[in-house]
Amino acid sequence: MYIEPFKVEIWMNEWETRCTYNLAETCVASITIEELLQLSGRNQTDLSDLLSMKMTYGAIEGSDRLRTAISTLYEDQGIANITVTHGTIAANMLVHKALVSRGDKVVSIVPTYQQHHSIPASIGADVHLLQLRAEDRFLPDLDDLRAAVTPDTKLIALTNPNNPTGALIERPMLEDIAEIARAVGAYVLCDEVYRGTAQDGDGVVPSIVDVYEKGIATASVSKAFSLAGLRVGWIVAPPDVTEQVLIHRDHDTISVGIINDHFATMALENRGKLLGRSREITRGNLSVLEEWVAAQPRASWVKPRAGTTAMLHLDIPVSSRAFCVDLVRETGVMLTPGDAFEMEGYVRVGFANDPQILRDGLERLGHYLGTRYGA
């Protein structure tokens, strides 16, 4: 089976261990196990809980305690609707494999996380790409969506908050999208890995599963919860989808590991403290980035309303990839080229890393732009 190379992951693999200022990072600054214990009101002595754990596969679908903790992130979802996976990346793969067959019609927004169009295309689906535009603040045009959706549409795939633009679909538009899908009986898959990072209020917007009866949500502890190293994600889906997901999951997962399950449960049971930390970092850092953009004559943007990344449009006479390669080699500052998202002329910048890394990286980026390209 041929699948298109995953452009953003190839870029990250090539450069993220070779840079000094990682402004391509998408996770809110990662925490240590010690910090997780502290945020959970525990200390190092609580690690003794691990000593009696027998290293079996553990609960195949995820422990009841973990799935109960996940269920509290949603309005009305029981643990029977929740399947634990190896991060959101495995959750997305499982949903597409479980639902999509050759010839099925899939509508995916772009830019987005590449899985949501490359995987169904590799299966042989008829994939329609719904282009997000800066003039719409990178939100879906509902008239375009209505035109793209037909009675043959099996699945509509979204990321919300959007990766890479940071656009945020709020409840009224989610309800409109649900109505469009409902009219043809289509499922809506919403990759919600950045949920909890909105710039306003408590940072949490409604999930598609609490808006639409055929909604499917994927997420993990990687981004907003700063624990990518645990590799714990999940799918929340209607019973018919969960049944098919579990069939596919048996072929590639078995379980996520009981130690991973243990610490992910601890994080989600103390989600208020972890999300509070994430809000402080992302909101403070976005203000720093906004001030920097305002001072850069060659940079412009649509300010993100959520997530951990923004797309910067650069008025420069070279390709985004050539720019990013030279930038990291000359300054140690790593961005992600826009061509990884089919957005030539843009670069993606992450603003959820350690605040000092962001400040230092932006200072060097600004100097590089001024030196190379002037005003």
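What you are looking at is a predicted structure, and each value in this text was computed from that prediction instead of being measured. (Residues numbered from 1 in each chain as written. Predicted model: local features only at pLDDT ≥ 70, side-chain atom pairs only at ≥ 80, totals over all residues. Heavy atoms only, no water.)

## Notes on the sheet that holds strand β3 (residues 105-110)
Here is step 1: Taken in spatial order, the seven strands make up an open sheet running β2-β8-β7-β6-β5-β3-β4, and their pairing is mixed. Because the sheet does not close on itself, it has two edges, and the strands there are β2 (82-85) and β4 (126-131). Sheet twist, expressed as the mean angle between neighbouring strand axes with direction ignored, is 20 degrees.
Here is step 2: In this sheet, strand β7 (residues 215-220) lies alongside strand β6 (residues 187-191) in parallel orientation, the contact comprising four bridges. The residue of β7 that forms the bridge with Leu189 is Ile216.
Here is step 3: Across the sheet, helix α3 (residues 64-71) lies against β2 and β8 (233-236), angled at about 110 degrees from β2, the strand it touches most. (Pairing = 2+ DSSP bridges. Helix = DSSP H or I, 4+ residues; strand = E, 2+ residues; numbered from the N terminus. Axes fitted to C-alpha atoms, helices over the stretch in contact; angles between N-to-C directions. Contact = heavy atoms within 4.5 Å.)

## A word on the environment of Ala157
Here is step 1: You can see Ala157 is positioned in strand β5 (residues 153-159).
Here is step 2: Among the residues examined, Ala157 registers a relative accessible area of 0% and is labelled buried.
Here is step 3: When neighbours within four sequence positions are excluded, Ala157 is seen to be in contact with His96, Val107, Ser108, Ile109, His116 and Leu189. (Buried < 20%, exposed > 50% of the residue type's maximum accessible area, 1.4 Å probe, protein only.)

## Some words on the packing of helix α4 (residues 87-99) against helix α5 (residues 115-123)
Here is step 1: Closest axis-to-axis distance for the α4/α5 pair is 10 Å, and the angle between their directions is 35 degrees. Judged by the sense of rotation from one axis to the other, the crossing of α4 with α5 is right-handed. Between α4, through Thr88, Ile89, Asn92, Met93, His96 and Lys97, and α5, the contact on the second element is made entirely by Gln115, His116, Ile119, Pro120 and Ile123.
Here is step 2: Class assignment for the residues of the contact of α4 with α5 results in five nonpolar, five polar and one charged. (Left-handed = near helix turned anticlockwise from the far one by under 90°. Nonpolar A, V, L, I, M, F, W, Y, C, P; charged D, E, K, R; others polar.)

## Looking at the layout of surface pockets
Here is step 1: For the largest pocket, the calculated volume is near 490 Å³.
Here is step 2: Contributing to the lining of the largest pocket are 25 residues, with Glu9, Thr26, Cys27, Tyr113 and Lys223 lying nearest its centre.
Here is step 3: Of all the secondary-structure elements, those providing two or more residues to the lining of the largest pocket are α1 (7-15) and α4.
Here is step 4: Looking at the lining of the largest pocket residue by residue, the class counts come to nine nonpolar, nine polar and seven charged.
Here is step 5: Roughly 170 Å³ of volume is contained in the second largest pocket.
Here is step 6: Surrounding the second largest pocket, 15 residues form its lining, Leu73, Arg195, Val204, Phe225 and Leu275 being those nearest its centre.
Here is step 7: Broken down by secondary-structure element, the contributors of at least two residues to the lining of the second largest pocket are β7 and α10 (271-294). (1 Å grid on protein atoms, 1.4 Å probe; cavity = no way out; pocket = protein on both sides within 12 Å on 5 of 7 lines; lining within 4 Å. Points joined across faces, edges and corners; volume = space filled by probe spheres on them.)

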